[in-house]
Structure formats: C-alpha cells, structure tokens
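# Structural features, examined
Given next are the chains, with one letter for each unit.
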Amino acid sequence: MSRPVAVMAGIGSGLLLLGAFLFEYAGGLAPCKLCIWQRYPHGTGFALGMIALILPHLLIYVAGALSAAVTAAIGLYHVGVEQGWWEGPSSCSSGDISGLSAEELLEQILNAPMVRCDEIPWSLLGLSMAGWNAVISAVLCLIWIIAIWRELKES
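Owing to the predicted nature of the structure, the values given are computational and were not obtained by experimental measurement.

Attention shifts here to the nonpolar core. Among the nonpolar cores identified, the biggest contains 16 residues, and Ala 6, Ala 52, Tyr 61 and Trp 144 are the most heavily contacted of them. Those elements that place two or more of their residues in this core are α1 (2-25), α2 (33-54), α3 (58-83) and α5 (129-154).

As structure tokens, then:
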C-alpha cells in the first residue's frame, strides 16, 4: 500500500516542475536563481516516484521525503527574501548598497541579473510562486512520510 502513495508524491513533484516550466515558457516569467534551485529537488522527487513503481523501498521513500523537504525549505527561504525578512544571495538580490563607491555601484548594476530573487512577479491569494511551492512541497513531504509509515507498518 505504500507504493501508490510514493508514486502519487512523485507525480506531485513532476506536476509542480511542469507548472514551473509552463510559467516560464508559456507565461513568459523567467525564473530567478532561487526558483531554479527549487526545481532540482522536484526533479529528484519525480524520479524517485517513478523508481518506486519498479522498486518500492523504504530508502526511496525517505529520499523522496527529503527532496520534498529541501524544496519546501528553499521555497520558504525564497519567500523570506521576497518579503525582505532576510537578504538573499547577492547574485540575485538588491542587497545593501551603503558604503559602495560610485564605481562599485555601477559594477553591481551592470552585473545585476535580469530576474531578481527579491521581487514577486506573480502571486495568488497573497502567496507568491515560492510560497505556493513551499506549501505544496510540505504537503508532498507529508505524503512521502505516509508512504514511509505504511512501509514500516507492512514490514
């Protein structure tokens, strides 16, 4: 009974990844650095869900839960950057410019990425894409944990 649950969680990650690509290529919303970081664990989660079809195993379920937890954590971090709760990576956030010389400021402007991590290009019901990723990924993590629990119960 744990296999279908794990496959469902893997498909969930695949659907989130597909949604990200649709926003990028069909919707014209280019991803920032943190958006890209959130995609890797979803790719892993999808692959693990598909592997679980053939090879259901507790370690696969644990790895799936970890991948969902990682992307949820990155999403939460990204929300904090968007809301200004903390500073994001200097390579994709505005950062602190006090104390910079005119030359350093010009260099920072010229080397700034096209898409910044601290701006919200799209939101729904008050949550940005990063926020939705964090929430849905946390749910996917719980689904993977259900698969783990069922596998342990069956053993």
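Here the narrative resumes.
A few words on a nonpolar patch on the surface. Nonpolar side chains collect at one region of the surface, where Ile 11, Leu 15, Leu 18, Leu 22 and Phe 46 lie side by side and expose about 470 Å² of accessible area between them. The greatest single-element share of the nonpolar patch, amounting to four residues, is contributed by α1. Within the secondary structure, Leu 18 sits in helix α1.

For the rest of this paragraph, the subject is the packing of α2 against α5. Closest axis-to-axis distance for the α2/α5 pair is 12 Å, and the angle between their directions is 30°. The orientation of α2 relative to α5 falls into the category roughly parallel. Viewed along their axes, α2 and α5 form a crossing whose handedness is left-handed. Residue-level inspection shows Gln 38, His 42, Gly 45, Leu 48 and Gly 49 of α2 in contact with α5, the latter providing Ala 130, Asn 133, Ser 137, Leu 140 and Trp 144. Looking at the contact of α2 with α5 residue by residue, the classes come out as four nonpolar, six polar and no charged.

Take α5 next. Relative to the 38 Å expected for 26 residues at 1.5 Å per residue, α5 spans 37 Å between its end C-alpha atoms, a close match to the ideal helical length. Restricting attention to buried positions, one finds in α5 the residues Ala 130, Gly 131, Asn 133, Ala 134, Ser 137, Leu 140, Cys 141, Ile 143, Trp 144, Ala 147, Ile 148 and Glu 151. Packing partners of the buried residues in α5 comprise α1, α2, α3 and β2 (127-128).

Calculation notes
Residues numbered from 1 in each chain as written. Predicted model: local features only at pLDDT ≥ 70, side-chain atom pairs only at ≥ 80, totals over all residues. Heavy atoms only, no water. Core = buried A, V, L, I, M, F, W, Y, C linked by side-chain atoms within 4.5 Å. Buried < 20%, exposed > 50% of the residue type's maximum accessible area, 1.4 Å probe, protein only. Helix = DSSP H or I, 4+ residues; strand = E, 2+ residues; numbered from the N terminus. Patch = residues over 30% accessible without salt bridge, like charges linked within 9 Å, V, L, I, M, F, W, Y side chains within 5 Å. Areas by Shrake-Rupley, 256 points an atom, 1.4 Å probe, with all protein chains shown as cover. Salt bridge = Lys/Arg side-chain N within 4 Å of Asp/Glu carboxyl O. Axes fitted to C-alpha atoms, helices over the stretch in contact; angles between N-to-C directions. Parallel < 35°, antiparallel > 145°, perpendicular 65-115°, else oblique. Left-handed = near helix turned anticlockwise from the far one by under 90°. Contact = heavy atoms within 4.5 Å. Nonpolar A, V, L, I, M, F, W, Y, C, P; charged D, E, K, R; others polar. Expected span 1.5 Å × (residues − 1).

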